[in-house]
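# Survey of secondary and tertiary structure
For reference, the chains in residue letters:
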There are 2 protein chains.
Amino acid sequence: MLYLRFMARIKTDKNISRKDVIVTKAAILFREKGFKAASMRDLAEAVGVEAASLYNHIKSKTELLHELCFSVANRFLHKIDEIEAEPISAIEKVEKLLRFHINEMINHYEEVYVSDREWKHLADPYLSNFQNQRRIYRKRFAAIIEKGISNHEIKKIDAPTAVLIMLHAISGIESWHRSTQKISAEELEANMITILVGGLINK
Amino acid sequence: MLYLRFMARIKTDKNISRKDVIVTKAAILFREKGFKAASMRDLAEAVGVEAASLYNHIKSKTELLHELCFSVANRFLHKIDEIEAEPISAIEKVEKLLRFHINEMINHYEEVYVSDREWKHLADPYLSNFQNQRRIYRKRFAAIIEKGISNHEIKKIDAPTAVLIMLHAISGIESWHRSTQKISAEELEANMITILVGGLINK
DNA sequence: TAAAGCAACTAACACGTGTTAGCAAGTAGT
DNA sequence: ACTACTTGCTAACACGTGTTAGTTGCTTTA
């Protein structure tokens, strides 16, 4: 039998597996449409392949979500490990952590956004696992702020509330990404630090 | 023919139409699961009725989303109309607006949350309409802040960035709602105002 | 009590979904 | 050139979706 049809292939450089290509495209799609609304056929089209072909590289749609959520979560956990160990003031730790969050949100927009908004669609045991990590992370962040309060570096406020404000404020970078007339990334970072750290400092 | 089956009815008090009951339950469901993931059969169960019966009261699933999104948007637009007209300082205007946002998020959690997160699933022309209203609202908010900057009431910052931080920070009240050991609503409001307004004020 | 209208029901349709089976076509090693 | 492996394809399934048609039951009005 003679076939002359053209068979697409997912392009890859060295060190980038075809699976990575798929995961990356998935992040873009999940951000645009939301996890539920993005179909495997949409994803296949973005990758340049038929839907069924994706399953040579991944196990399921939710696996894509796991990968995205946990890779992001791990980056933040490693960073807070690092920062906690540094011999600097509480307010400096907060600032460092904020700058990391801001830069992650600027440079790895799609993944971070998806991890933040779409984790609800994870299935157990991944779901509980993710929620746990999240809870723990926030507690550690709050502990840094508490320390700053008892040092009188930081205003007397409810630390968990402060954490919640910081984290959500940063997720607002989403709007910056979409806006037509953006200020530069550096200016954005500087402005956010000014307002957020300025709101914490005790005079 | 003799039928003895029980036919459920949606309970209503005076002034609350059956449609209102449906819309309210829809808000809860859309928040929990997301618009796409929440099915009409889920909604029917929450209301205590079969899925098809809902269509005696509503036109479509998306109509529910329209109603939610625009009722919330209108409340905010009316409020900013009101505040703009008041003869008070810029920083007082910002504080009033923030307090309104915070209270809306506390007291009408489900609707506000859905309007904030799920508007992407609106269909044109509602979609463009909503986006426009949102854009305009933010510009008006930013204009108040700009005024405060030129008055030297507020730090020299990028006003649109400040707006973005404020609005997203407030959406963090979502986490407060879900947390097990909540501080009181009054404390929450006070803390948020302290941090956010504190971050704006010029010394 | 009869008539009219509202609000529920059952049944079903058309469609889009994630995923699998089985096979063809490329690629790499000998 | 032969073989083994990877990666693509087509076809199809089972299921869940929003929604409509047609009918029965309940409530209100005359």
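Just above sits the structure.
In this report, we go over the structure that sits alongside the text.

## So, the interface of chain B and chain A
- With 38 residues of chain B in contact, the opposing surface of chain A contributes 38 residues.
- A buried area of about 2,900 Å², summed over both sides, lies between chain B and chain A, and 64% of it is on carbon and sulfur atoms.
- Looking only at chain B, the three residues that lose the most surface to chain A are Lys-120, His-168 and Ile-195 of chain B, adding up to 21% of its buried area.
- Here chain B is connected to chain A by zero salt bridges.
- Taken together, chain B and chain A are joined by 14 residue pairs in polar contact (both at pLDDT 80 or more).
- With nine residues, helix H9 (residues 185–200) of chain B is the largest single contributor of residues to the side of chain B that touches chain A.
- Classifying every residue of the side of chain B that touches chain A by side-chain character gives 17 nonpolar, 10 polar and 11 charged.

## A closer look at the relation of the copies chain B and chain A
- With an RMSD of 0.0 Å, the fit of chain B onto chain A corresponds to turning through 180° and sliding 0.0 Å along the axis. Within this description, the copies of the chain are treated as partners about a two-fold rotation axis. No C-alpha of chain B approaches the rotation axis more nearly than that of Gly-199 of chain B, which lies at 1.8 Å.
- Most of the interface of chain B is mirrored in chain A: 100% of its interface residues are interface residues there too.

## A closer look at unusual backbone geometry
Residues and elements named next belong to chain A.
- With an omega of 5°, the peptide bond between Asp-124 and Pro-125 qualifies as cis.
- Its location among the elements puts Pro-125 in the loop between helix H5 (109–117) and helix H6 (126–150).
- Residue His-152 is not a glycine yet carries a positive backbone phi of 65°.
- Structurally, the position occupied by His-152 is in the loop between H6 and helix H7 (159–171).

The rules behind each value
- Residues numbered from 1 in each chain as written.
- Chains lettered and ligands numbered in written order.
- Predicted model: local features only at pLDDT ≥ 70, side-chain atom pairs only at ≥ 80, totals over all residues.
- Heavy atoms only, no water.
- Contact = heavy atoms within 4.5 Å.
- Buried area = accessible area lost by both parts, 1.4 Å probe.
- Salt bridge = Lys/Arg side-chain N within 4 Å of Asp/Glu carboxyl O.
- Polar contact = N/O pair within 3.5 Å; in protein donor to acceptor, adjacent residues only side chain to side chain.
- Helix = DSSP H or I, 4+ residues; strand = E, 2+ residues; numbered from the N terminus.
- Nonpolar A, V, L, I, M, F, W, Y, C, P; charged D, E, K, R; others polar.
- Least-squares fit on C-alpha atoms with pLDDT ≥ 70 in both.

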